[in-house]
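# Observations on the model geometry
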Amino acid sequence: GGINEHSSWYCNGTYTRTAPNGESISLGCLSIHGQVKLPEIIAYSCNVGTAYASDRVQAADLNRLIREFGFGSRTGLPLSGESVGYLRPVERWSLRSKPTISIGQELAATTVQIMQAASAIANEGYLVQPRIVSKTIAPDGSLSRDFPTQALRRVISKRTAQAMLESLERSVAPGGTGRRADIGDVRIGVKTGTAQMIDQRTGAYSKEDFIASCIGFLPADDPHIIIYQAVVLRHWVKA
């Protein structure tokens, strides 16, 4: 309920905010995107639009919804060593937390958590329990055991899920950050991501090392497949 299809902001390349106590924060964007609504924010990976949108919701509500999507807890896959990821309690959030968490910082997530969260967008707002095996077949061809799809809970409305899919499809259009994922004969919606890596020498974000990722929904008008890929881009320096 924080924003709707009419919500709009101007991206001049930088998000700024000043608290009543005088503390100021700023976040940079990939470019100057001008006036943006939800479709443009997704298509251009606009940090500024995302950050300003986060100002429309309370921290407690944002935290609740993030956890409803499954972040900060195990998915329950029958695998040993599954991580819960990392998400600080809302009581420990700073002035920066809402905008930075909204663009993907200040939290850590596993691939399975990301895929599970994406399932809510693909399934009209319902979060789906991950599974490894759909069914097992006996040697005679009969069904030995079935593992049916299980919807855990509704996270977002059908309308919101549809708006997200339409916006994700904009990413593969010319000018979108996911344009290279366009495969032509199948409608696809994608969201790209660029995660900064820590420079172990300085303890700060590296200016050269990144994790580039992309999640895709296809076909975009009725998703049956979600694909997630991540590539580590590391600048190697000879000793």
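## Digging into a nonpolar patch on the surface
On the surface, a nonpolar cluster with roughly 270 Å² of combined accessible area is contributed by L79, I132 and V133. Within the secondary structure, V133 is located in the loop between β7 (126-128) and β8 (135-137).

## Observations regarding the nonpolar core
Ranked by internal contacts, the top residues of the largest apolar core, which has 22 residues, are I66, F69, I121, V155, I156, L168 and F217. Taken together, the elements giving at least two residues each to this core come down to α3 (59-68), α5 (111-122), α6 (158-170) and β12 (205-218). A total of five residues in this core trace back to one element, the largest contributor, which is α5. With residues near it in sequence (within four places) discarded, F217 still touches A118, I121, A122, L165, L168, R187, I188, G189, P223, I225 and I226. Counting residues in each nonpolar core, the second largest holds 14 residues, with W9, L27, C29 and V36 among its members.

## Observations concerning the side chain of T50
Mapped onto the fold, T50 is located in helix α2 (residues 47-54). In terms of polar contacts, T50 uses its side chain to reach the backbone carbonyl oxygen of C46, at 2.9 Å. Once residues lying within four places of it in the same chain are set aside, the contact partners of T50 are I41, S102 and I103.

## So, the sheet that holds strand β13 (residues 225-233)
Picture the strands of a sheet paired through backbone hydrogen bonds; they go either parallel or antiparallel. Spatially, β11-β12-β13 is the arrangement adopted by the three strands of the open sheet, whose pairing is antiparallel. Each of the sheet's edge strands pairs with one partner strand only, and the pair in question is β11 (189-198) and β13. Between one strand axis and the next, the sheet turns by 20° as a mean value, whatever way the strands run. Both β12 and β13 contribute to a ladder of nine bridges, which runs antiparallel. Across the sheet, residue S213 finds its bridge partner in β13, namely A230. Against the sheet, α5 contacts β12 and β13, and its axis sits at roughly 145° relative to β13. Along the sheet, α6 makes contact with β11 and β12, crossing β11 at roughly 75°.

About the thresholds
Residues numbered from 1 in each chain as written. Predicted model: local features only at pLDDT ≥ 70, side-chain atom pairs only at ≥ 80, totals over all residues. Heavy atoms only, no water. Patch = residues over 30% accessible without salt bridge, like charges linked within 9 Å, V, L, I, M, F, W, Y side chains within 5 Å. Areas by Shrake-Rupley, 256 points an atom, 1.4 Å probe, with all protein chains shown as cover. Salt bridge = Lys/Arg side-chain N within 4 Å of Asp/Glu carboxyl O. Helix = DSSP H or I, 4+ residues; strand = E, 2+ residues; numbered from the N terminus. Core = buried A, V, L, I, M, F, W, Y, C linked by side-chain atoms within 4.5 Å. Buried < 20%, exposed > 50% of the residue type's maximum accessible area, 1.4 Å probe, protein only. Contact = heavy atoms within 4.5 Å. Polar contact = N/O pair within 3.5 Å; in protein donor to acceptor, adjacent residues only side chain to side chain. Pairing = 2+ DSSP bridges. Axes fitted to C-alpha atoms, helices over the stretch in contact; angles between N-to-C directions.

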